[in-house]
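Coordinate inspection notes
Listed below, chain by chain, are the residues.
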Amino acid sequence: MNLASAASAGVNWPSWIVVVAAVLVSGLLLAGPALRSRYPVAWWLLCGFPAVAFRVVQTWRPLMAGCGLAVSRRPALTVVSGLVGKGAAPPQPKVPRHGLVRPTAGGFVLLVRLLPGQVPEDFVKAAPAMAESWQVHVVRVSAWRPGVVRIVVSAADPLADPRVPRQRGPGHLLRVTVGALETGAAWVVDLRRVPHWLIVGATRSGKSTLINALVAGLAPQPVALVGIDCKGGMELSLYEPRLSALATNREQAVRLLTALVDLTLDRMTLCRAAHVRNIWGLLDAERPVPVVVIVDEIAELFLVASRNEKDEAQAAGTALIRLAQLGAALGVFLVVAGQRVGSDLGPGVTALRAQLGGRVCHRVADPGTAEMALGDLNPDALKAAQAITPEQAGTAVLASGDGWERARSHLITEADAEAVAAEYAHLAPVLSELHVHAP
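Quick caveat: nothing in here was measured; it's all calculated off a predicted structure.

1. As for the overall build of the protein
The helix and strand tally for the protein stands at 12 helices and 15 strands. By sequence separation, contacts in the protein at least 24 residues apart represent 65% of the contacts at least 6 residues apart. Counting every atom, the protein has about 22400 Å² of accessible surface; 59% of that belongs to carbon and sulfur.

Put into structure tokens, the structure is as follows:
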């Protein structure tokens, strides 16, 4: 009797496995839409990633062959196969080997070893075909180390609904989370790592929203914010309670920039006396407050209509270039923004651009501005920026010496920015040397 029961249980055990598996699959299918909406990362790891990983493994060989990334075996082997094997299929071509498909919060990462004669650019060209074959949003390819490329995949467009939480509290000094990257990671502007930035974008492209997010993140921090807005202060006056100084025309801007250059020279003297190479080597009690200079609509500083204006524009450009050259080590950081930035504004703009290592390009009205922002860093980034449509407000291409990515800033309205500036107005340092308004 016991033997019969055991035999019956052994027969029924696989059936129970099938039933449990069916219940689990059915539950996932029924709860899938709600799970995907409320817990997108959990849905991706449980449902989306296994399906896409299986698709990658299944399509790898034909995909490599179709993209011209497979290498044929020696021709002699094909002939021998036909003679010895009596018409048997020739050996399969050799394809690049890939490592484990490792999941991320919204996609996966894959390392691929190149075959002899291949270069990373071969895989960069095949990225669109990979995205189509694997049915994912985008595939980015970059060199990882000699002979190996890194493939980063985003299954869906995380920029459609950025979920990176906004920064709360002061956070790390001069480090602000302003939005989300296309990979799903946080878009962080770290002025200690990349001290100077150029932000370009047409009207309603998201440029002002990005500046709002940056100011909202810096406002709770022990830093001085300085504004230069030659359009009468129409943009940056929103943050005036939190600003240590604000110039609203070019005459004021020249005086303010000159005072900032003097400030950096004083800090240079301080560092030299203390035998340190930058202000971060000073003791906390001796270290001067970091200064973030926000310049809105850079073209207003460089456009000229008379000889006197030409002299002012030249003085402003020279001061900005000196700040960009000296400021990183001395605690002065530049964020330069504009709707249009081109070489037609004068050689000072081109020289300044070379000093701004971080670039953000939203949708622009003319190709010259995108070329000025990204052309000297990465041609692929330039193409991506020119493809941004008016419906993708807030979307931008972020580039630096480390590479480029698509990103989208958090929606920080003017009212939000104004409220943050008022809330932290008491933290605005008083820098008497920057009070340069006309008498």
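After that view, the rundown keeps rolling.
2. Regarding the pattern of salt bridges
Taken as a whole and judged by the stated rule, the model has six salt bridges. A salt bridge links Arg 140 to Glu 182; the shortest N-O distance between them is 2.9 Å. Here Arg 140 is found in strand β4 (residues 138–145), whereas its partner Glu 182 is found in the loop between β6 (175–181) and β7 (186–190), with 42 residues between them in sequence. Residue Arg 140 is classed as partly exposed on the basis of its relative accessible area of 28%. In this structure, Arg 287 engages Asp 284 in a salt bridge whose closest nitrogen and oxygen atoms are separated by 3.1 Å. Arg 287 sits in the partly exposed class, given a relative accessible area of 25%. Judged by its relative accessible area of 63%, Asp 284 is exposed.

3. Observations regarding the environment of Val 341
Along the polypeptide, Val 341 turns up in the loop between β12 (332–338) and α9 (347–355). For the pair Val 341 and Glu 371, spaced 30 residues apart in sequence, the C-alpha to C-alpha distance is 9.2 Å. With near-sequence residues (within four places) excluded, Val 341 lies in contact with Leu 198, Val 200, Ile 298, Val 349, Gly 368, Thr 369 and Met 372.

4. Considerations on helix α6 (residues 250–274)
Relative to the 36 Å expected for 25 residues at 1.5 Å per residue, α6 spans 36 Å between its end C-alpha atoms, a close match to the ideal helical length. Among the residues of α6, the N-terminal cap falls to Asn 249, whose side-chain oxygen and the backbone nitrogen of Glu 251 are separated by 3.1 Å. Just beyond α6, the residue with positive phi is His 275, at close to 60°.

5. Some details on unusual backbone geometry
Phi is positive for Leu 174, close to 65°, though the residue is something other than glycine. Looking at the secondary structure, you find Leu 174 in the loop between β5 (148–154) and β6. On the basis of relative accessibility, which here comes to 0%, the residue Leu 174 falls in the buried class. Notably, His 275 is not glycine yet its phi reads approximately 60°, a positive angle. Residue position: His 275 is located in the loop between α6 and β11 (291–296).

6. Describing helix α11 (residues 379–386)
Listed in full, the buried residues belonging to α11 are Ala 381, Leu 382, Ala 384 and Ala 385. Seen along its axis, α11 keeps its buried residues to an arc of 165°; they face one direction. Of the exposed residues in α11, the ones pointing more than 90 degrees away from its buried face are Pro 379 and Lys 383. Elements that come into contact with the buried residues of α11 comprise β13 (358–361), α10 (367–374), β14 (395–400) and β15 (403–409).

7. Some details on the nonpolar core
With 53 residues, the main nonpolar core has Ile 228, Leu 260, Val 293, Ile 298, Leu 301, Leu 374 and Leu 434 as its most contacted residues. In terms of residue count, the dominant contributor to this core is α6 (eight residues). With near-sequence residues (within four places) excluded, Ile 228 lies in contact with Leu 236, Leu 246, Ala 247, Ala 253, Leu 256, Leu 257, Val 293, Ile 294, Val 295, Asp 296 and Leu 301. One finds Leu 181, Val 189, Leu 330 and Ala 396 within the second-largest nonpolar core, a separate group that totals 44 residues.

8. Focus: the environment of His 98
Within the fold, His 98 resides in strand β1 (residues 97–98). Assessed through its relative accessible area of 29%, His 98 is described here as partly exposed. A C-alpha to C-alpha distance of 6.9 Å links His 98 and Leu 110, two positions 12 residues apart in sequence. Excluding its chain neighbours within four sequence positions, the residues that come into contact with His 98 are Trp 60, Leu 110, Leu 111 and Val 112.

9. Let's talk about the packing of aromatic side chains
For any pair of aromatic rings, the description rests on two quantities: the centre-to-centre distance and the angle between the ring planes. Counted by the stated rule, this structure contains three aromatic pairs. Geometrically, the ring pair formed by Trp 44 and Phe 49 is edge-to-face, given 6.0 Å between the ring centres and 65° between the ring planes. Phe 49 carries the same exposure label as Trp 44, and that label is buried. Measuring from centroid to centroid gives 6.0 Å for Phe 108 and Trp 134, while their planes differ by 55°, and the two rings are tilted. Taken together, the positions of Phe 108 in strand β3 (residues 107–113) and Trp 134 in helix α4 (residues 120–134) put the pair 26 residues apart, joining distant regions of the chain. Put simply, the rings of Trp 60, Phe 108 and Trp 134 pair up and form one aromatic cluster. Above the face of the Trp 280 ring, Arg 192 is positioned so that its terminal group lies 3.9 Å from the ring centre.

Rules used throughout
- Residues numbered from 1 in each chain as written.
- Predicted model: local features only at pLDDT ≥ 70, side-chain atom pairs only at ≥ 80, totals over all residues.
- Heavy atoms only, no water.
- Helix = DSSP H or I, 4+ residues; strand = E, 2+ residues; numbered from the N terminus.
- Contact = heavy atoms within 4.5 Å.
- Areas by Shrake-Rupley, 256 points an atom, 1.4 Å probe, with all protein chains shown as cover.
- Salt bridge = Lys/Arg side-chain N within 4 Å of Asp/Glu carboxyl O.
- Buried < 20%, exposed > 50% of the residue type's maximum accessible area, 1.4 Å probe, protein only.
- Expected span 1.5 Å × (residues − 1).
- Polar contact = N/O pair within 3.5 Å; in protein donor to acceptor, adjacent residues only side chain to side chain.
- Arc of directions from axis to C-beta.
- Core = buried A, V, L, I, M, F, W, Y, C linked by side-chain atoms within 4.5 Å.
- Phe/Tyr/Trp six-rings, centres within 6.5 Å; stacked < 30°, edge-to-face > 60°.
- Lys NZ or Arg CZ within 6 Å of the ring centre and 35° of its normal.

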